[in-house]
Structure formats: structure tokens, C-alpha cells
Amino acid sequence: MAGGAIRLQKKSTRGSLLSRQWGAPFLAAVLSLVFVLFRPPAAEGGPWAPIIDAAAGPGGVLYVLTSEKGGLFVSEDGGRRWKNLGAGLPSSLLFSLDVSTGGRLFLASFDELLTSGNGGSAWKSMKGGGGVKRFFPTSGDTLLAVFWDSGIHWASSGNGSFEKSGGEDGSFQVLDVLDEGHGRLRAAAFGRGALFSGDGGRTWSPDDPGIENVFPLALARSSATGTVFAGTLEGGVFRKEEGSPWSRSSEGLPPFCTVQALAAGEQGALWAGTHKQGLFVSSDDGRTWNLFPAGMEKEMSVTVLVPFGKGVLAGTSSGELYLANGEKGTVTELLPSDPVVGFARIDGSLLCLSRSGKVYVSSDGGAGWTPRGSAGGKALFLAAVPGGRLFAGTEKDLLFSRDGGFTWTSIPLPEGTVFTSLAGTAGGDLFAGSAGSGLFRSSDGYGWQRVGDVPGDLVHSLRSHNGTVIAAGTDAGFSVSLDGGLSWKNGDVIYGIFSLAFDGQGRLWGASRTGLWHYSLPEGEITGAQTAGFDWSPLAYFTDLFQGEGNGLVALLGEKAVRLLPGKAAGSFTLGETNLSNVRVLSSFRDAGGALLLGTERGLFRSTDGGASWSEFGLP
């Protein structure tokens, strides 16, 4: 990117890359860098996965890239709300993101190189993934691709055929590339110092004289002064004024400080992200530095910096994202979308519950939502049972609402027990699954006893059909009651049943590590289901099942949603594709109007065509 738009490339080098047959010096360099910069934080991580990249697009649009598969997010309101763009990407590790001045996205992944001209709604593949850690357009009318093992390659704009750049660039890991404008580029070559190109990256040569510290990690340029900066491994910051050599410029930084991210903001402010020593800012062209905000003592590894507004967007290796305001001297934490843990329909209203305990209501089948109340933090599920009763489970108690989710009453749970699911019968009895203590029963929601007729301590899934049939998927297999929980029949399945679903005809299906199973009612016979277009393997099996359209199902295969369309033969399906991937589903609901809803770790998705296509709907 031109001018002061800085892209920081601190990418974790994953095992799938290191397993390739590259030379010992290269592997040693990469492993040493990974050990220094990317050791997992000792404390519990933040609300995001580790932040590996970010960018600001036209109109103040923010993009964030995380280390999880499909970890691409966008915000159009300064980081207050985020949309998950990764749900439409292939299930692949992502390495880098760049945004051109015109708003085109350039994404490097393990499988392929992708571009998008419409903000990430649709992508075009350029192939060539795996070996490329970053690719992007330059001010020199070229496309550059930085390879993990062979340095920098270039191609003419509009031509995806890359060729090796001339000069010296391939013997060392290239960790950052800075575009100074007019085809002038600089590269941070770990172990070699800074490289310079004056022809859009076609050829490269070392800076002479070079940086005293030959382990640069990040580069930046002040558009106000033209000064270039380099953050280094245990050497702080170096600066280079136009026509002058590199000089050390680390006053105010901790001794032996590793600076792994740099960004030049408005009015000459310069920002430095360090390894485990926090965020620093300079207001005198990098000559002196101050901790930001002043007095902050939290150990923090800042891996990504992007100029935004009056300050900078800062991402950390522990999964935290902040907006630092240099004018006000404040730091605001930006949070991802609240996970949706449950849906319920009660008194004609469709409700959903977020992980933070917020309750929302929809009057149009889940297309639009308004706040209704709060059930408290760390919510796990939401369930409406016959009789107009509404329950929510949290990590510490069970909550009951008599007014449709506006107010809640806490019900203590048996000591040491956490309920993870709940279902009710037409007779008024309640059943609750737990993660380690088995299945429980209650007649009023206040007194609970374990159901001794149901084996298994882990209740993975709990479903009710017509208020009479209760089914539990446990670590032992199927447990089914046809009389509202008075008696139970159990069917063993190796490794247990992860997920249960009733189809439109009330037939019961279960997913396990060993296959897809049909549990016949009322006979209780367990038979395997055949799925055309899918071959089971120990590494490929359905993990979650949800009621689909008609007699079909929606399932998760890995982290990709697929449709199971009824086949011609009884108990058979045909595999159908969807546009939803890289999701971890926490809850599901089929509305009477036909809409399918999935609550995930990163947002709420809705389908009106039987699960073939999904759209994300943000909560207010």
C-alpha cells in the first residue's frame, strides 16, 4: 500500500508448512523466529483467536485476520460490530490480507491465493497457495508474492504468473514489505537486513549501509517526513531519514526490546508493537518513545498495527483487539460478534440467546432482531418447554423466565453439575443433559435427580419430539424414551453419539465417529445410513446434525455445513453442498415459516432455501 499505509506481517509458521522438504538453514531460522515471537501466552487467551493481520479499506472499513480457519472478519462501524467473511471461504489456514487503495482484497491461504472485488462477498482463485505467505499489488504496477522458502516473486498487474525477482531476496525469510510509493519498496529480510527495490519489486539490493541489527521484523514510513523505520529482534527501532544512513532510535523503549509491528498514523504519530512489552507511541518522528497508554502494566505482545482514525488498530498474539486513540490517550477493546447459544419460540415470539446472556426477539423468522433482556453472562443454552416455560443454562446455574425472557430467576443446580441442554415433555417433566454427570430429571425445574436408566456421563445432545419422545445422545450411544421419560431404551454405539436430530417425519438420526445412524421408532433398531457422495473415514465424519427441509438434514462435515437430501432408498441420503464453512455451531432452530437458523461462535446464520445458501444476520 502506498504512503503511510503499513502492512505488518507477523505470521505464525505452522507445522503443515515446516513439514515440507526445505533446507536445514531455512528451517532453523523459521523455528528460531517462531520460538521467540509466537510462544503461546501463559494466561488465558482473549475473545479472538490470535490476530495475524489486519487492514483498513476505503470508507473506514476494517478487516481482521485471525489464526483460525476462515478467520476473516469485517467491520463497517469502527469495530463495534463484526461480520464473519470466513464462513464463505475454503477451510484453510490463512496467512495474510492486503487491501488495495480501490478496496480489492488480496488473501493468501494454504490452499490458494484469493482476490475479491466486492468486500469479500465473493472470491476469485488464482491458485498457487501453500508456499505463498503474502501477495499484494504495488505502486509500481506489479503484483508481489512473498514465498515462505524462496523470497519475493513478481508479476505484471492483471497477470497471475509470478517469476523470481532479481537480485538478493531469496536466501532469507522476508517478514515485511513496505511500499513507499512510485514503485519504491523495502523488504525486511530476517538475517540479512533491509532490501530496496526501485522498480516495483522486479529487482532487489541490500541497503548500503544497512541496518546495524540484521534481524528486521517490521517496516513503516512516515508520510509526513519521509522517514523510514524498522522494528528489529531485541534491538528496538532503527530509523532512516531521506539521504541518511540507518541509525538506532529506541529511546524510551525497554532494553533489548523486540519490535514486531510498526505503523505510521496521522500527524506524524508512530506506533510500535512489541513482544510481551506492550504498545508504544512516538510523536517526534521516532526519536523517543512512550508506553501507551501511560502506566499500562499488562504484558502484551502486539503483532499487528493498522492506522485508523486518530490512532491505530492493534492486535495481539493472545487474541485481543484494541483501538488506541492517540489524541485522547485511551485504549478501547473491540470484541467479536457474540456467539449465539440458543433459540426458542414462546408466545408467538422467536427468541435467541447470546453467550454474554443477552436475549433478542424477532418477529420475522430471524431476519431482524431487537434486544429484550439479559439472562446474565456465560450462557450455554436456551430452551422453551410445553406450558410456556422458558429456561436458560449458564456455567453456574439454571435460569427460569415467566415473562418471555424479560426477567429471570436463578435456580441452583446439584453441586458440581453444569447443565448443557434441556428438553421438556407434554406432561410437564424436564430433562437436562450435563457434561460429566449424566442425564437429570425434574418435575418442577427446582429439584433434580439423575436418571439411572440412562448410561453415560456425557450427554452430548438432547432432543424432544411432540412432547412425548425424548432422545439423548451420550458417550454410550442412544437413550430413547417413548413415554415422556417414564422408561428408557438404550442402544450402544462405539464412541457414543455426538448429535441427534429428528427429521420432518419424526425419524431419529444420530452422528458418531463411526458413521451416521438411524434409530427406528418404536422398535429401537440401529442401522447405518448410506450417503451418496460421501465416504466415511476416521478423519472425515459428520459431527453435528440439525433438522433440515422436509425429511432432510443439515450436518457439519468438519467445519463445513452440508445438506443430507433424502435418497430413493429408505435410510439413505445424497450429499448436497452449501456456502457455509469454517463454523462451529452452538445452536439450531427450524422456524415454522421454513427458515433455518444456526447460532455459531462467530455469528448468526439464516437460510430460506433448505440450507443450500446461508446469510449472516448481525445482532444489535
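Quantities reported herein were computed from a predicted structural model and do not represent experimental measurements. Residue numbers run consecutively from 1 along every chain, following the written order of its sequence. Confidence filtering applies because this is a predicted model: local features only for residues at pLDDT of at least 70, side-chain atom pairs given and counted only at 80 or more, and all residues used for totals across whole chains, interfaces and linings. Water and hydrogen atoms play no part in the side-chain values, which are based on all heavy atoms of the structure.

### Some thoughts on the packing of aromatic side chains
Think of a pair of aromatic rings as described by two things: how far the centres are apart, and how the planes are tilted against each other in angle. Any pair of Phe, Tyr and Trp rings, taking the six-membered ring for Trp, is counted once the centres come within 6.5 Å. Such a pair is stacked with planes under 30 degrees apart, edge-to-face with planes over 60 apart, and tilted for the rest. Summed over all chains, the structure comprises 15 aromatic pairs. For the ring pair Phe 190 and Phe 215, a centre distance of 4.9 Å and an interplane angle of 55 degrees mean the geometry is tilted. Separated by 25 residues along the polypeptide, Phe 190 in strand β15 (residues 184–190) and Phe 215 in the loop between β17 (203–206) and β18 (216–221) bring together distant segments of the chain. Burial classes: relative accessible area under 20% of the type maximum marks a residue as buried, over 50% as exposed, and values in between as partly exposed (1.4 Å probe, protein chains only). For Phe 190, a relative accessible area of 8% puts it in the buried group. The class for Phe 215 is partly exposed, based on a relative accessible area of 33%. Aromatic ring contacts, followed pair by pair, group Trp 48, Phe 73 and Trp 82 into a single cluster. Looking at Arg 513, its charged tip hangs above the ring of Tyr 495, at a distance of 4.4 Å from the centre. The ring centre of Phe 617 lies 5.8 Å from the NZ or CZ of Arg 606, which sits over that ring. Every helix listed is a DSSP run of H or I at least four residues long, and every strand listed is a run of E at least two residues long, numbered separately from the N terminus. Each ring is checked for a lysine NZ or an arginine CZ that lies within 6 Å of its centre and within 35 degrees of its normal; such an atom marks a charge sitting over the ring.

### Digging into the sheet that holds strand β1 (residues 51–56)
Any two strands are treated as partners once DSSP identifies two or more bridges connecting them. Taking strand neighbours across the sheet as the criterion, the four strands line up as β1-β2-β3-β4 in an open arrangement whose pairing is antiparallel. Each end of this open sheet is capped by a strand with a single partner; those strands are β1 and β4 (83–84). The pairing of β1 with strand β2 (residues 62–66) spans five bridges and is classified as antiparallel. When the sheet's bridge partners are listed, Ala 56 is paired in β2 with Leu 62.

### A look at the confidence of the model for the chain
Across the chain, each position has a pLDDT score giving the predictor's confidence in that residue, from 0 to 100. Overall, the prediction assigns the chain a mean pLDDT of 89, with 92% of residues at 70 or greater. We call two residues contacting when some pair of their heavy atoms lies within 4.5 Å. Scored below 50 in pLDDT, residues 1–43 shows 101 contacts in the model against residues more than four places distant or in partner chains.

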